[in-house]
Protein chains: 2
Amino acid sequence: MRYSSTHKQETRARLLASCKAIAKQGGFEATGIDTLMSSIGLTGGAFYTHFPSKQALFEELIREELESSSRMLAGDERSDPDHVAKRLRGYLSSFHAANPESGCVLPTLGPEIARSSPAVRKAAEKSLKQTHESWNERLDDSDGAWALIAQCVGALVLARSVESEKTRKEILAACRRHIGRTHTLGL
Amino acid sequence: MRYSSTHKQETRARLLASCKAIAKQGGFEATGIDTLMSSIGLTGGAFYTHFPSKQALFEELIREELESSSRMLAGDERSDPDHVAKRLRGYLSSFHAANPESGCVLPTLGPEIARSSPAVRKAAEKSLKQTHESWNERLDDSDGAWALIAQCVGALVLARSVESEKTRKEILAACRRHIGRTHTLGL
DNA sequence: GTCTATATCTAGATAGAC
DNA sequence: GTCTATCTAGATATAGAC
(Lines give C-alpha, C1' and ligand atoms only; values in the text may rest on other atoms or scores of the structure.)
Protein backbone atom coordinates (compact mmCIF):
# COMPACT_ATOMS: atom_id res chain seq x y z
CA MET A 1 0.00 0.00 0.00
CA ARG A 2 1.12 3.52 -0.74
CA TYR A 3 0.15 4.96 2.66
CA SER A 4 1.51 4.20 6.11
CA SER A 5 -0.48 1.96 8.38
CA THR A 6 -1.43 4.87 10.61
CA HIS A 7 -2.23 7.26 7.79
CA LYS A 8 -5.95 6.66 7.75
CA GLN A 9 -6.47 7.14 11.46
CA GLU A 10 -4.27 10.23 11.41
CA THR A 11 -6.32 11.71 8.58
CA ARG A 12 -9.52 10.89 10.42
CA ALA A 13 -8.19 12.57 13.55
CA ARG A 14 -7.17 15.70 11.61
CA LEU A 15 -10.58 15.74 9.95
CA LEU A 16 -12.40 15.48 13.25
CA ALA A 17 -10.31 18.20 14.87
CA SER A 18 -10.88 20.55 11.97
CA CYS A 19 -14.61 19.80 11.76
CA LYS A 20 -15.08 20.42 15.45
CA ALA A 21 -13.69 23.92 15.16
CA ILE A 22 -15.57 24.73 11.96
CA ALA A 23 -18.89 23.39 13.27
CA LYS A 24 -18.62 25.28 16.55
CA GLN A 25 -17.73 28.40 14.60
CA GLY A 26 -20.37 28.38 11.89
CA GLY A 27 -22.78 25.56 12.73
CA PHE A 28 -22.57 21.96 11.57
CA GLU A 29 -25.43 21.85 9.13
CA ALA A 30 -24.33 25.12 7.59
CA THR A 31 -20.99 23.73 6.40
CA GLY A 32 -20.63 21.41 3.42
CA ILE A 33 -18.43 18.36 3.06
CA ASP A 34 -16.23 19.94 0.38
CA THR A 35 -15.46 22.80 2.75
CA LEU A 36 -14.76 20.45 5.64
CA MET A 37 -12.43 18.30 3.56
CA SER A 38 -10.59 21.18 1.95
CA SER A 39 -9.87 22.52 5.44
CA ILE A 40 -7.46 19.60 5.82
CA GLY A 41 -6.22 19.80 2.24
CA LEU A 42 -8.35 17.03 0.75
CA THR A 43 -11.28 16.93 -1.66
CA GLY A 44 -14.86 15.98 -0.95
CA GLY A 45 -14.73 12.54 -2.49
CA ALA A 46 -12.22 11.32 0.08
CA PHE A 47 -14.65 11.97 2.92
CA TYR A 48 -16.49 8.68 2.56
CA THR A 49 -13.48 6.51 3.31
CA HIS A 50 -13.63 7.96 6.83
CA PHE A 51 -17.33 8.32 7.52
CA PRO A 52 -20.34 6.69 5.85
CA SER A 53 -22.33 9.93 5.95
CA LYS A 54 -22.27 13.50 7.17
CA GLN A 55 -24.65 12.47 9.94
CA ALA A 56 -22.14 9.87 11.16
CA LEU A 57 -19.49 12.55 11.36
CA PHE A 58 -21.86 14.72 13.36
CA GLU A 59 -22.52 11.98 15.87
CA GLU A 60 -18.83 11.20 16.39
CA LEU A 61 -17.93 14.88 16.55
CA ILE A 62 -20.61 15.68 19.12
CA ARG A 63 -19.72 12.65 21.20
CA GLU A 64 -16.08 13.70 21.45
CA GLU A 65 -16.95 17.36 21.99
CA LEU A 66 -19.32 16.54 24.81
CA GLU A 67 -16.65 14.58 26.63
CA SER A 68 -14.23 17.42 26.06
CA SER A 69 -16.74 19.98 27.32
CA SER A 70 -17.44 17.81 30.33
CA ARG A 71 -13.74 17.85 31.11
CA MET A 72 -13.63 21.58 30.50
CA LEU A 73 -16.47 22.22 32.93
CA ALA A 74 -15.76 19.56 35.50
CA GLY A 75 -12.00 19.27 35.32
CA ASP A 76 -10.08 16.37 36.74
CA GLU A 77 -7.61 17.84 39.21
CA ARG A 78 -9.58 16.69 42.21
CA SER A 79 -6.80 17.82 44.51
CA ASP A 80 -7.06 21.52 43.76
CA PRO A 81 -9.69 22.93 46.14
CA ASP A 82 -10.72 25.94 44.06
CA HIS A 83 -10.30 24.48 40.62
CA VAL A 84 -14.06 24.85 40.08
CA ALA A 85 -13.57 28.59 40.49
CA LYS A 86 -10.78 28.51 37.92
CA ARG A 87 -12.92 26.57 35.46
CA LEU A 88 -15.73 29.05 35.87
CA ARG A 89 -13.50 32.06 35.29
CA GLY A 90 -12.25 30.49 32.09
CA TYR A 91 -15.69 29.47 30.94
CA LEU A 92 -17.30 32.85 31.66
CA SER A 93 -14.54 34.79 29.91
CA SER A 94 -14.50 37.17 26.97
CA PHE A 95 -11.99 34.89 25.33
CA HIS A 96 -14.40 31.98 25.44
CA ALA A 97 -17.23 34.15 24.10
CA ALA A 98 -15.03 35.39 21.25
CA ASN A 99 -13.65 31.97 20.33
CA PRO A 100 -16.42 29.40 19.99
CA GLU A 101 -14.21 27.22 17.78
CA SER A 102 -12.04 26.30 20.76
CA GLY A 103 -14.78 26.42 23.39
CA CYS A 104 -17.62 24.41 24.85
CA VAL A 105 -19.92 22.72 22.37
CA LEU A 106 -23.15 23.35 24.24
CA PRO A 107 -23.66 27.09 23.74
CA THR A 108 -22.98 26.83 20.02
CA LEU A 109 -24.32 23.41 18.97
CA GLY A 110 -26.76 22.77 21.83
CA PRO A 111 -29.84 23.35 19.66
CA GLU A 112 -28.46 21.08 16.93
CA ILE A 113 -27.96 18.40 19.57
CA ALA A 114 -31.52 18.95 20.76
CA ARG A 115 -32.80 18.37 17.21
CA SER A 116 -30.56 15.40 16.54
CA SER A 117 -30.97 11.67 17.13
CA PRO A 118 -31.73 9.97 20.45
CA ALA A 119 -28.25 8.43 20.34
CA VAL A 120 -26.66 11.86 20.34
CA ARG A 121 -28.86 13.12 23.14
CA LYS A 122 -28.08 9.97 25.10
CA ALA A 123 -24.39 10.86 24.86
CA ALA A 124 -25.15 14.43 25.87
CA GLU A 125 -27.06 13.23 28.87
CA LYS A 126 -24.20 11.02 30.00
CA SER A 127 -21.66 13.84 29.76
CA LEU A 128 -23.92 16.32 31.50
CA LYS A 129 -24.58 13.92 34.33
CA GLN A 130 -20.84 13.47 34.76
CA THR A 131 -20.33 17.20 34.98
CA HIS A 132 -23.22 17.52 37.39
CA GLU A 133 -21.89 14.73 39.60
CA SER A 134 -18.41 16.21 39.61
CA TRP A 135 -19.66 19.60 40.75
CA ASN A 136 -22.12 18.12 43.19
CA GLU A 137 -19.21 16.40 44.94
CA ARG A 138 -17.65 19.76 45.64
CA LEU A 139 -20.72 21.91 46.21
CA ASP A 140 -22.73 19.26 48.03
CA ASP A 141 -25.72 20.87 46.32
CA SER A 142 -27.37 18.93 43.53
CA ASP A 143 -29.76 21.70 42.53
CA GLY A 144 -26.96 24.25 42.68
CA ALA A 145 -24.79 22.12 40.41
CA TRP A 146 -27.46 21.94 37.69
CA ALA A 147 -28.16 25.64 38.09
CA LEU A 148 -24.49 26.42 37.69
CA ILE A 149 -24.15 24.44 34.48
CA ALA A 150 -27.29 26.05 33.07
CA GLN A 151 -26.08 29.49 33.98
CA CYS A 152 -22.71 28.95 32.35
CA VAL A 153 -24.17 27.67 29.09
CA GLY A 154 -26.85 30.35 29.02
CA ALA A 155 -24.38 33.13 29.77
CA LEU A 156 -22.33 32.18 26.73
CA VAL A 157 -25.42 32.07 24.51
CA LEU A 158 -26.44 35.53 25.70
CA ALA A 159 -22.95 37.01 25.53
CA ARG A 160 -22.57 35.91 21.92
CA SER A 161 -26.05 37.15 20.98
CA VAL A 162 -25.40 40.79 21.83
CA GLU A 163 -23.52 43.23 19.64
CA SER A 164 -21.58 45.52 21.94
CA GLU A 165 -18.46 44.34 23.71
CA LYS A 166 -19.55 46.37 26.72
CA THR A 167 -22.79 44.46 27.23
CA ARG A 168 -21.05 41.17 26.53
CA LYS A 169 -18.54 41.80 29.28
CA GLU A 170 -21.28 42.99 31.62
CA ILE A 171 -23.26 39.77 31.21
CA LEU A 172 -20.22 37.59 31.84
CA ALA A 173 -19.01 39.64 34.80
CA ALA A 174 -22.50 39.71 36.34
CA CYS A 175 -22.70 35.92 36.16
CA ARG A 176 -19.23 35.51 37.65
CA ARG A 177 -20.10 37.85 40.53
CA HIS A 178 -23.49 36.25 41.09
CA ILE A 179 -21.96 32.78 41.25
CA GLY A 180 -19.37 34.04 43.72
CA ARG A 181 -22.20 35.27 45.93
CA THR A 182 -24.52 32.28 45.70
CA HIS A 183 -22.05 29.41 45.71
CA THR A 184 -19.25 28.69 48.17
CA LEU A 185 -16.44 28.49 45.69
CA GLY A 186 -14.08 31.30 46.53
CA LEU A 187 -14.65 32.82 43.12
CA MET B 1 -57.32 44.32 -8.05
CA ARG B 2 -58.40 40.80 -7.27
CA TYR B 3 -57.21 40.84 -3.65
CA SER B 4 -58.47 42.90 -0.71
CA SER B 5 -56.42 45.85 0.41
CA THR B 6 -55.35 44.05 3.56
CA HIS B 7 -54.61 40.75 1.85
CA LYS B 8 -50.89 41.28 1.47
CA GLN B 9 -50.26 42.27 5.05
CA GLU B 10 -52.42 39.41 6.26
CA THR B 11 -50.45 36.94 4.16
CA ARG B 12 -47.21 38.40 5.43
CA ALA B 13 -48.41 38.05 9.01
CA ARG B 14 -49.47 34.45 8.46
CA LEU B 15 -46.12 33.73 6.83
CA LEU B 16 -44.19 35.24 9.72
CA ALA B 17 -46.20 33.37 12.33
CA SER B 18 -45.70 30.08 10.54
CA CYS B 19 -41.99 30.66 9.92
CA LYS B 20 -41.40 31.53 13.56
CA ALA B 21 -42.78 28.19 14.69
CA ILE B 22 -40.97 26.20 12.00
CA ALA B 23 -37.64 27.93 12.58
CA LYS B 24 -37.81 27.46 16.35
CA GLN B 25 -38.71 23.84 15.80
CA GLY B 26 -36.15 22.79 13.21
CA GLY B 27 -33.76 25.70 12.82
CA PHE B 28 -34.03 28.58 10.36
CA GLU B 29 -31.25 27.73 7.96
CA ALA B 30 -32.39 24.11 7.85
CA THR B 31 -35.76 24.95 6.30
CA GLY B 32 -36.24 25.94 2.66
CA ILE B 33 -38.48 28.61 1.22
CA ASP B 34 -40.74 26.13 -0.55
CA THR B 35 -41.42 24.41 2.77
CA LEU B 36 -42.03 27.71 4.54
CA MET B 37 -44.46 28.89 1.87
CA SER B 38 -46.32 25.61 1.56
CA SER B 39 -46.90 25.73 5.32
CA ILE B 40 -49.32 28.58 4.64
CA GLY B 41 -50.70 27.03 1.47
CA LEU B 42 -48.67 29.00 -1.07
CA THR B 43 -45.80 28.15 -3.42
CA GLY B 44 -42.20 29.27 -3.23
CA GLY B 45 -42.39 31.86 -5.97
CA ALA B 46 -44.82 34.00 -4.00
CA PHE B 47 -42.31 34.49 -1.22
CA TYR B 48 -40.52 37.37 -2.89
CA THR B 49 -43.50 39.69 -2.95
CA HIS B 50 -43.23 39.70 0.85
CA PHE B 51 -39.51 39.61 1.51
CA PRO B 52 -36.57 40.46 -0.74
CA SER B 53 -34.56 37.49 0.52
CA LYS B 54 -34.54 34.67 3.03
CA GLN B 55 -32.09 36.67 5.11
CA ALA B 56 -34.55 39.57 5.31
CA LEU B 57 -37.20 37.17 6.61
CA PHE B 58 -34.75 35.93 9.22
CA GLU B 59 -34.02 39.44 10.45
CA GLU B 60 -37.69 40.37 10.75
CA LEU B 61 -38.56 37.04 12.34
CA ILE B 62 -35.80 37.30 14.94
CA ARG B 63 -36.66 40.90 15.72
CA GLU B 64 -40.28 40.04 16.45
CA GLU B 65 -39.37 36.88 18.34
CA LEU B 66 -36.93 38.72 20.56
CA GLU B 67 -39.56 41.24 21.53
CA SER B 68 -41.98 38.43 22.18
CA SER B 69 -39.43 36.55 24.28
CA SER B 70 -38.66 39.70 26.18
CA ARG B 71 -42.34 40.01 27.01
CA MET B 72 -42.44 36.33 27.89
CA LEU B 73 -39.54 36.67 30.30
CA ALA B 74 -40.20 40.14 31.65
CA GLY B 75 -43.97 40.32 31.46
CA ASP B 76 -45.88 43.55 31.65
CA GLU B 77 -48.31 43.16 34.57
CA ARG B 78 -46.27 45.41 36.82
CA SER B 79 -48.98 45.27 39.44
CA ASP B 80 -48.69 41.57 40.20
CA PRO B 81 -46.00 41.21 42.88
CA ASP B 82 -45.00 37.63 42.11
CA HIS B 83 -45.48 37.64 38.39
CA VAL B 84 -41.75 37.05 37.95
CA ALA B 85 -42.21 33.76 39.79
CA LYS B 86 -45.05 32.85 37.46
CA ARG B 87 -43.00 33.68 34.39
CA LEU B 88 -40.16 31.54 35.68
CA ARG B 89 -42.39 28.57 36.38
CA GLY B 90 -43.75 28.73 32.85
CA TYR B 91 -40.33 29.23 31.32
CA LEU B 92 -38.68 26.39 33.25
CA SER B 93 -41.48 23.95 32.46
CA SER B 94 -41.58 20.60 30.69
CA PHE B 95 -44.15 22.06 28.35
CA HIS B 96 -41.74 24.77 27.26
CA ALA B 97 -38.95 22.23 26.80
CA ALA B 98 -41.20 20.00 24.71
CA ASN B 99 -42.63 22.80 22.56
CA PRO B 100 -39.88 25.02 21.18
CA GLU B 101 -42.16 26.15 18.37
CA SER B 102 -44.25 28.18 20.80
CA GLY B 103 -41.45 29.08 23.20
CA CYS B 104 -38.60 31.50 23.68
CA VAL B 105 -36.36 32.08 20.68
CA LEU B 106 -33.06 32.22 22.57
CA PRO B 107 -32.56 28.57 23.55
CA THR B 108 -33.34 27.38 20.03
CA LEU B 109 -32.04 30.10 17.71
CA GLY B 110 -29.53 31.79 20.03
CA PRO B 111 -26.52 30.42 18.17
CA GLU B 112 -28.00 31.45 14.81
CA ILE B 113 -28.42 34.95 16.23
CA ALA B 114 -24.84 34.88 17.44
CA ARG B 115 -23.65 34.03 13.90
CA SER B 116 -25.94 36.52 12.19
CA SER B 117 -25.53 40.18 11.27
CA PRO B 118 -24.68 43.03 13.65
CA ALA B 119 -28.18 44.42 13.04
CA VAL B 120 -29.75 41.27 14.43
CA ARG B 121 -27.45 41.19 17.44
CA LYS B 122 -28.20 44.86 18.02
CA ALA B 123 -31.89 43.96 18.25
CA ALA B 124 -31.09 41.05 20.54
CA GLU B 125 -29.10 43.33 22.80
CA LYS B 126 -31.95 45.81 23.03
CA SER B 127 -34.48 43.15 23.98
CA LEU B 128 -32.15 41.51 26.49
CA LYS B 129 -31.43 44.83 28.14
CA GLN B 130 -35.17 45.43 28.46
CA THR B 131 -35.66 42.09 30.13
CA HIS B 132 -32.72 42.72 32.40
CA GLU B 133 -33.99 46.15 33.37
CA SER B 134 -37.46 44.82 34.04
CA TRP B 135 -36.19 42.13 36.39
CA ASN B 136 -33.66 44.43 38.00
CA GLU B 137 -36.53 46.71 39.00
CA ARG B 138 -38.07 43.91 41.02
CA LEU B 139 -34.96 42.13 42.28
CA ASP B 140 -32.91 45.27 42.87
CA ASP B 141 -29.97 43.10 41.85
CA SER B 142 -28.40 43.80 38.48
CA ASP B 143 -26.02 40.85 38.60
CA GLY B 144 -28.79 38.56 39.79
CA ALA B 145 -31.04 39.65 36.93
CA TRP B 146 -28.44 38.75 34.28
CA ALA B 147 -27.71 35.49 36.08
CA LEU B 148 -31.38 34.64 36.11
CA ILE B 149 -31.82 35.20 32.38
CA ALA B 150 -28.70 33.16 31.64
CA GLN B 151 -29.87 30.35 33.85
CA CYS B 152 -33.30 30.22 32.22
CA VAL B 153 -31.91 30.13 28.68
CA GLY B 154 -29.22 27.62 29.60
CA ALA B 155 -31.66 25.37 31.44
CA LEU B 156 -33.79 25.05 28.32
CA VAL B 157 -30.76 24.29 26.16
CA LEU B 158 -29.69 21.56 28.57
CA ALA B 159 -33.17 20.15 29.09
CA ARG B 160 -33.64 19.75 25.35
CA SER B 161 -30.19 18.22 24.87
CA VAL B 162 -30.80 15.22 27.09
CA GLU B 163 -32.72 12.14 26.06
CA SER B 164 -34.60 10.93 29.12
CA GLU B 165 -37.67 12.70 30.37
CA LYS B 166 -36.50 12.01 33.90
CA THR B 167 -33.26 13.95 33.55
CA ARG B 168 -35.03 16.71 31.66
CA LYS B 169 -37.46 17.21 34.51
CA GLU B 170 -34.65 17.01 37.06
CA ILE B 171 -32.70 19.82 35.38
CA LEU B 172 -35.74 22.08 35.18
CA ALA B 173 -36.86 21.35 38.74
CA ALA B 174 -33.35 21.87 40.09
CA CYS B 175 -33.16 25.29 38.46
CA ARG B 176 -36.60 26.26 39.76
CA ARG B 177 -35.65 25.23 43.29
CA HIS B 178 -32.26 26.91 43.11
CA ILE B 179 -33.79 30.16 41.95
CA GLY B 180 -36.31 29.96 44.77
CA ARG B 181 -33.41 29.69 47.20
CA THR B 182 -31.14 32.36 45.78
CA HIS B 183 -33.62 35.01 44.74
CA THR B 184 -36.35 36.63 46.78
CA LEU B 185 -39.23 35.85 44.49
CA GLY B 186 -41.55 33.58 46.39
CA LEU B 187 -41.07 30.86 43.82
C1' DG C 1 -50.59 38.39 -5.44
C1' DT C 2 -49.77 33.87 -6.77
C1' DC C 3 -48.76 30.51 -10.05
C1' DT C 4 -45.55 27.51 -13.02
C1' DA C 5 -41.32 27.12 -15.09
C1' DT C 6 -36.74 27.82 -14.94
C1' DA C 7 -31.91 29.54 -14.22
C1' DT C 8 -28.16 28.87 -11.23
C1' DC C 9 -25.87 27.07 -7.59
C1' DT C 10 -24.57 23.99 -4.01
C1' DA C 11 -25.47 20.11 -1.30
C1' DG C 12 -24.62 14.92 -0.10
C1' DA C 13 -23.24 10.91 -2.07
C1' DT C 14 -21.28 7.45 -5.64
C1' DA C 15 -18.11 5.46 -9.51
C1' DG C 16 -14.05 4.53 -11.44
C1' DA C 17 -9.18 6.03 -12.50
C1' DC C 18 -4.74 6.26 -10.23
C1' DG D 1 -6.58 6.68 0.25
C1' DT D 2 -7.48 10.33 -2.74
C1' DC D 3 -8.68 12.24 -6.99
C1' DT D 4 -12.02 13.92 -10.72
C1' DA D 5 -16.34 13.51 -12.66
C1' DT D 6 -20.97 12.88 -12.08
C1' DC D 7 -25.68 11.73 -10.32
C1' DT D 8 -29.58 13.41 -7.91
C1' DA D 9 -31.81 16.37 -5.04
C1' DG D 10 -32.57 20.55 -2.95
C1' DA D 11 -31.64 25.31 -2.34
C1' DT D 12 -32.37 30.65 -3.47
C1' DA D 13 -33.98 33.56 -6.63
C1' DT D 14 -36.10 35.31 -11.14
C1' DA D 15 -39.42 35.65 -15.34
C1' DG D 16 -43.58 35.79 -17.29
C1' DA D 17 -48.49 34.04 -17.47
C1' DC D 18 -52.89 34.73 -15.13
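Read on for a plain summary of the structure. For clarity, every value in this text was computed on a predicted model and none was experimentally measured.

Below, the discussion takes up the protein's contact with DNA strand D. Residues in contact with DNA strand D amount to 20 residues; listed here are only the nearest, Lys8, Thr43 and His50 of chain A together with Ile33 and Lys54 of chain B. Close to the protein, within 4 Å, the atoms of DNA strand D belong to sugar or phosphate groups at a rate of 74%. In the model, a phosphate oxygen of DNA strand D is placed 3.3 Å from a nitrogen or oxygen of the Thr11 of chain A side chain. Taking Thr43 of chain A, its main chain carries an N or O atom lying 2.6 Å from a phosphate oxygen of DNA strand D. Sort the elements by how many residues they give to the surface near DNA strand D and helix α1 (residues 7-26) of chain A lands first, with three residues. The residue inventory of the surface near DNA strand D, partitioned by class, reads five nonpolar, eleven polar and four charged.

Right, let's get into the pattern of salt bridges. Per the stated rule, a full pass over the model turns up 19 salt bridges over all chains. Linking Glu60 of chain A and Arg12 of chain A is a salt bridge whose minimum nitrogen-to-oxygen distance equals 3.9 Å. On the criterion of sequence distance, the pair formed by Glu60 of chain A in helix α3 (residues 54-74) and Arg12 of chain A in helix α1 is long-range, its members being 48 residues apart. Relative accessible area serves as the criterion here: at 21%, Glu60 of chain A is assigned to the partly exposed category. Notably, a salt bridge pairs Glu64 of chain B with Lys20 of chain B, separated by 2.7 Å at the nearest N-O pair. Taken together, the residues Glu64 of chain B in helix α3 (residues 54-74) and Lys20 of chain B in helix α1 (residues 7-26) connect sequence positions 44 residues apart. In this structure Lys20 of chain B comes out as buried when scored by relative accessible area, which is 17%. One salt-bridge network, held together by shared partners, links Glu165, Arg168 and Lys169 of chain B.

Here we come to the protein's contact with DNA strand C. In the neighbourhood of DNA strand C, 20 residues make up the surrounding shell, with Ile33 and Lys54 of chain A together with Lys8, Thr43 and His50 of chain B lying closest. The sugar-phosphate portion of DNA strand C accounts for 73% of its atoms within 4 Å of the protein, the bases making up the rest. A distance of 2.7 Å separates a phosphate oxygen of DNA strand C from a polar atom in the side chain of His50 of chain B. Here the surface near DNA strand C is composed, by residue class, of five nonpolar, eleven polar and four charged.

A separate point is the relation of the copies chain A and chain B. Note on the identical chains: chain A maps onto chain B by a rotation of 180 degrees and an axial translation of 0.0 Å, with an RMSD of 0.1 Å. Expressed as a symmetry operation, the mapping of one chain copy onto the other fits a two-fold axis. An overlap of 100% is found between the interface residues of chain A and their copies at the interface of chain B, pointing to a shared contact surface.

In this section: empty space enclosed by the protein. Tallying each qualifying case throughout the model produces two cavities of 30 Å³ or more. Reported here for the largest cavity is a volume of approximately 40 Å³. Elements with a minimum of two residues in the lining of the largest cavity: α3 and α7 (118-139) of chain B. What lines the second largest cavity is Leu66, Ser69, Ser70, Leu73, Leu106, Ser127, Leu128 and Thr131 of chain A.

Residue and element names in this part refer to chain A. With respect to the element layout, Leu57 can be found in helix α3. In this structure Leu57 comes out as buried when scored by relative accessible area, which is 0%. In the structure, Leu57 is positioned 41 residues away from Leu16 in sequence and 7.9 Å away in space, judged by C-alpha atoms. Every residue in contact with Leu57, bar those within four places of it in the chain, is listed here: Leu16, Cys19, Phe28, Leu36, Phe47 and Phe51.

Residues and elements named next belong to chain A. The residue Asp140 is not glycine, and still its phi comes out positive at about 50 degrees. For Asp140, the position within the fold is in the loop between α7 (118-139) and α8 (142-161). What makes Asp140 exposed here is its relative accessible area of 69%.

Scanning the entire structure with this criterion turns up six aromatic pairs over all chains. Between Phe28 of chain B and Phe58 of chain B, the ring centres sit 4.7 Å apart and the planes meet at 45 degrees, which makes this aromatic pair tilted. With Phe28 of chain B in the loop between α1 and α2 (33-38) and Phe58 of chain B in helix α3, the pair connects residues that are 30 residues apart, well separated along the chain. Between the aromatic rings of Phe47 of chain B and Tyr48 of chain B, the centroid separation amounts to 4.9 Å while the plane-to-plane angle is 85 degrees, which identifies the pairing as edge-to-face. We classify Phe47 of chain B as buried; its relative accessible area is 0%. By relative accessible area, Tyr48 of chain B is classed as partly exposed at 47%. Grouped by ring-pair contacts, the aromatic residues Phe47, Tyr48 and Phe51 of chain A constitute a single cluster. Here Lys54 of chain A stacks its cationic end above the ring of Phe28 of chain A, 4.8 Å away from the centre of that ring.

Residue and element names in this part refer to chain A. Packing of helix α6 (residues 106-114) against α8 leaves a shortest axis separation of 9 Å and a crossing angle of 100 degrees. One finds that α6 runs roughly perpendicular with respect to α8. Here Leu106, Pro107 and Thr108 of α6 lie close against α8, whose contacting residues are Val153, Leu156, Val157 and Arg160. Class assignment for the residues of the contact of α6 with α8 results in five nonpolar, one polar and one charged.

Here is what the cut-offs are and how they apply
- Residues numbered from 1 in each chain as written.
- Chains lettered and ligands numbered in written order.
- Predicted model: local features only at pLDDT ≥ 70, side-chain atom pairs only at ≥ 80, totals over all residues.
- Heavy atoms only, no water.
- Near = heavy atom within 4 Å.
- Polar contact = N/O pair within 3.5 Å; in protein donor to acceptor, adjacent residues only side chain to side chain.
- Helix = DSSP H or I, 4+ residues; strand = E, 2+ residues; numbered from the N terminus.
- Nonpolar A, V, L, I, M, F, W, Y, C, P; charged D, E, K, R; others polar.
- Salt bridge = Lys/Arg side-chain N within 4 Å of Asp/Glu carboxyl O.
- Buried < 20%, exposed > 50% of the residue type's maximum accessible area, 1.4 Å probe, protein only.
- Least-squares fit on C-alpha atoms with pLDDT ≥ 70 in both.
- Contact = heavy atoms within 4.5 Å.
- 1 Å grid on protein atoms, 1.4 Å probe; cavity = no way out; pocket = protein on both sides within 12 Å on 5 of 7 lines; lining within 4 Å.
- Points joined across faces, edges and corners; volume = space filled by probe spheres on them.
- Phe/Tyr/Trp six-rings, centres within 6.5 Å; stacked < 30°, edge-to-face > 60°.
- Lys NZ or Arg CZ within 6 Å of the ring centre and 35° of its normal.
- Axes fitted to C-alpha atoms, helices over the stretch in contact; angles between N-to-C directions.
- Parallel < 35°, antiparallel > 145°, perpendicular 65-115°, else oblique.

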